[in-house]
Amino acid sequence: MQKRKMTMAAASKSFILSLILFSSFALTAQPVDTASHVNKKRLKRLVWTSSAAYGVTLVGLHQLWYKNAEQQSFQFFNDNPEWKQVDKLGHFFSTFYFSYGTAKALKWCNVPDRKADLAGALTGFTVMIPIEIMDGFSDAYGASTGDLLANASGSLLYFGQSRLWNEIRIYPKYSFRPTDFARERPNVLGDGFFSEALKDYNGQTYWLSIDVDKFTKFPKWLNIAVGYGAEGMVYARDQQNIEQGFGDPYRQYYLGIDFDLTAIHTRSKFLKTVLFLVNMLKLPSPAVEYSKGNFRFRPLAF
């Protein structure tokens, strides 16, 4: 019988890790100076601050997820068929923004753009590796090649755009809506809004928001977004859901509009930071959903 990985997925851990560290980068980094030399004082402060935040966060994750788990020799676990791969998009989202935040902070230290972008992408991928290592030694989890590939894809999306266009034109975004599925397994899918936002993949949708005005004439505040989600997942695998009487889970595909909050002009550095952080979320807006062979118009998709 195949060993079943504990269903509190690693995507939640990577999401928490990246959100904490990216937020610290965003709040620290201000517009790049015009000086051409690296600001070593800023760089040193950045390295010490981010290293401390990273260490504390890893310790916290270990206490929350691994402290009471049995240990094993390092093993991989194939979780690719689980949760309709929505959890993999959580990894993708996390590593993109960690790469972005690292590069942004390095540019604040006047590190040259090319070096900052490469270092950001490599860091975004590397900092997630300890999660897979801890998973690999935990009897409740197991390391995942799918997670590693998703992490690499998020970093590559950032690096590829930064090198191709010298800017980011396609942003991953996240949205969540509460569902009734969490009530069926609250210990796995969450109990309350914030825990469900991390654990309940039924309510999570991941988007790619395209900044169309950077390709052609288009309103700067309006983007086109494509999204992906899934529902009916009380258990991680389809067969488990069917065996327990919950039916066959299904995928959801979306095409709609999105709002670019960074297009709002303000002189306040604090407000710019807040708008940038909120812009990581997909705000409710009209979209067309395709699922179970049918199209459906959603006035407010999120």
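Right above here is the structure, for reference.
*Asks:* Explain the nonpolar core to me, please; I cannot follow it from the model alone.
*Replies:* Soluble globular proteins tend to pack their nonpolar side chains together in the buried interior. Residues Trp83, Val86, Phe96, Tyr97 and Tyr100 are the most contacted members of the largest nonpolar core, which totals 26 residues. Ranked by the residues each element gives to this core, the list is headed by helix α3 (residues 86-108), at seven residues. In this structure, Tyr54, Leu58, Ala69 and Tyr141 belong to the second largest nonpolar core, which totals 13 residues.

*Asks:* So what exactly am I meant to see when it comes to the pattern of salt bridges here?
*Replies:* Where charged atoms from two side chains of opposite charge approach closely, those side chains can pair. As enumerated under the stated definition, the model contains 14 salt bridges in all. Where arginine 237 meets glutamate 82, a salt bridge forms, and the shortest distance between an N and an O atom there is 3.4 Å. Placement of arginine 237 in the loop between β3 (222-231) and α9 (238-243) and of glutamate 82 in the loop between α2 (40-66) and α3 is noted, with a sequence separation of 155 residues between them. Classification of arginine 237 by relative accessible area gives buried; the value is 16%. For glutamate 82, a relative accessible area of 5% puts it in the buried group. Put simply, Asp79, Asp87, Lys88 and Asp147 are held in one network by salt bridges that share partners.

*Asks:* Explain the pairing of strand β2 (residues 204-210) to me, please; I cannot follow it from the model alone.
*Replies:* Remember that side chains alternate between the two faces of the sheet whenever the strand is regular. Taken across its seven residues, β2 has five buried, putting it largely inside the fold. Here strand β1 (residues 170-176) pairs with β2 via seven bridges, running antiparallel. The residue bridging lysine 173 from the neighbouring strand is tryptophan 207, located in β2. The pairing of β2 with β3 spans six bridges and is antiparallel. Bridging from a neighbouring strand, threonine 205 pairs with glycine 229 of β3.

*Asks:* Would you take a moment to explain the side chain of glutamine 204 for this structure?
*Replies:* Mapped onto the fold, glutamine 204 is located in strand β2. There is a polar contact of 3.0 Å between the side chain of glutamine 204 and the backbone oxygen of alanine 197. A polar side-chain atom of glutamine 204 sits 3.2 Å from the main-chain carbonyl oxygen of leucine 198. Excluding residues that lie within four positions of it along the chain, glutamine 204 makes contacts with Val86, Tyr174, Ser175, Phe176, Glu196, Ala197, Leu198, Lys199, Tyr228 and Gly229.

*Asks:* What exactly am I supposed to notice about the packing of α3 against helix α6 (residues 145-165) here?
*Replies:* The relative placement of two packed helices is expressed as an angle between their axes plus a distance between the axes. Following both chains from N to C, one finds α3 and α6 inclined at 40°, their axes separated by 7 Å at the closest point. The pairing of α3 with α6 is recorded here as oblique in orientation. Classified by chirality, the crossing of α6 by α3 is right-handed. Residue-level contacts link Asp87, Lys88, His91, Phe92, Thr95, Phe96, Ser99, Tyr100, Ala103 and Lys107 of α3 to Gly146, Asp147, Ala150, Asn151, Ser153, Gly154, Ser155, Leu157, Tyr158 and Gln161 of α6. Within the contact of α3 with α6, the residues separate by chemical class into seven nonpolar, nine polar and four charged.

*Asks:* How should I be thinking about the sheet that holds strand β4 (residues 250-259) in this particular structure?
*Replies:* Pairing between the strands of a sheet is mediated by backbone hydrogen bonds and can be parallel or antiparallel. Strand order in this open sheet of six strands is β1-β2-β3-β4-β5-β6, and the pairing throughout is antiparallel. Where the open sheet ends on each side, the last strands, each with one partner, are β1 and β6 (294-301). Across the sheet, the mean angle separating the axes of adjacent strands is 25° when strand polarity is ignored. The strands touched by α3 within the sheet are β1, β2 and β3, with β1 carrying the most contacts at an inclination of about 130°.

*Asks:* What is the right way to look at the packing of α3 against helix α4 (residues 113-126) in this model?
*Replies:* Contact geometry for α3 and α4: axes closest at 7 Å, N-to-C directions at 145°. In terms of crossing hand, the pair formed by α3 and α4 is right-handed. Residue-level inspection shows Thr95, Phe98, Ser99, Thr102, Ala103, Leu106 and Lys107 of α3 in contact with α4, the latter providing Asp113, Ala116, Asp117, Ala119, Gly120, Ala121, Thr123 and Gly124. Residues belonging to the contact of α3 with α4 are distributed by class as follows: six nonpolar, six polar and three charged.

*Asks:* Is there a simple way to think about unusual backbone geometry in this case?
*Replies:* For residues that are not glycine, phi is negative in most cases, and the peptide bond is trans in most cases. The backbone of lysine 84 shows a phi angle near 55°, a positive value even though the residue is not glycine. Residue position: lysine 84 is located in the loop between α2 and α3. On the basis of relative accessible area, lysine 84 is assigned to the buried category, the value being 11%. Its identity is not glycine, yet asparagine 166 carries a phi of approximately 60°, on the positive side. Among the structural elements, asparagine 166 can be located in the loop between α6 and β1.

*Asks:* Even after reading the chapter, I still don't get the packing of aromatic side chains, so can you show me in this structure?
*Replies:* For any pair of aromatic rings, the description rests on two quantities: the centre-to-centre distance and the angle between the ring planes. Within this structure, the stated rule accounts for 21 aromatic pairs. Seen in terms of ring centroids, phenylalanine 96 and tyrosine 158 are 6.2 Å apart; in terms of plane orientation they differ by 75°. Their pairing is edge-to-face. Of this pair, phenylalanine 96 sits in helix α3 while tyrosine 158 sits in helix α6, and the two are 62 residues apart along the sequence. Each of the two residues, phenylalanine 96 as well as tyrosine 158, counts as buried.

How each quantity is defined
- Residues numbered from 1 in each chain as written.
- Predicted model: local features only at pLDDT ≥ 70, side-chain atom pairs only at ≥ 80, totals over all residues.
- Heavy atoms only, no water.
- Core = buried A, V, L, I, M, F, W, Y, C linked by side-chain atoms within 4.5 Å.
- Buried < 20%, exposed > 50% of the residue type's maximum accessible area, 1.4 Å probe, protein only.
- Helix = DSSP H or I, 4+ residues; strand = E, 2+ residues; numbered from the N terminus.
- Salt bridge = Lys/Arg side-chain N within 4 Å of Asp/Glu carboxyl O.
- Pairing = 2+ DSSP bridges.
- Polar contact = N/O pair within 3.5 Å; in protein donor to acceptor, adjacent residues only side chain to side chain.
- Contact = heavy atoms within 4.5 Å.
- Axes fitted to C-alpha atoms, helices over the stretch in contact; angles between N-to-C directions.
- Parallel < 35°, antiparallel > 145°, perpendicular 65-115°, else oblique.
- Left-handed = near helix turned anticlockwise from the far one by under 90°.
- Nonpolar A, V, L, I, M, F, W, Y, C, P; charged D, E, K, R; others polar.
- Phe/Tyr/Trp six-rings, centres within 6.5 Å; stacked < 30°, edge-to-face > 60°.

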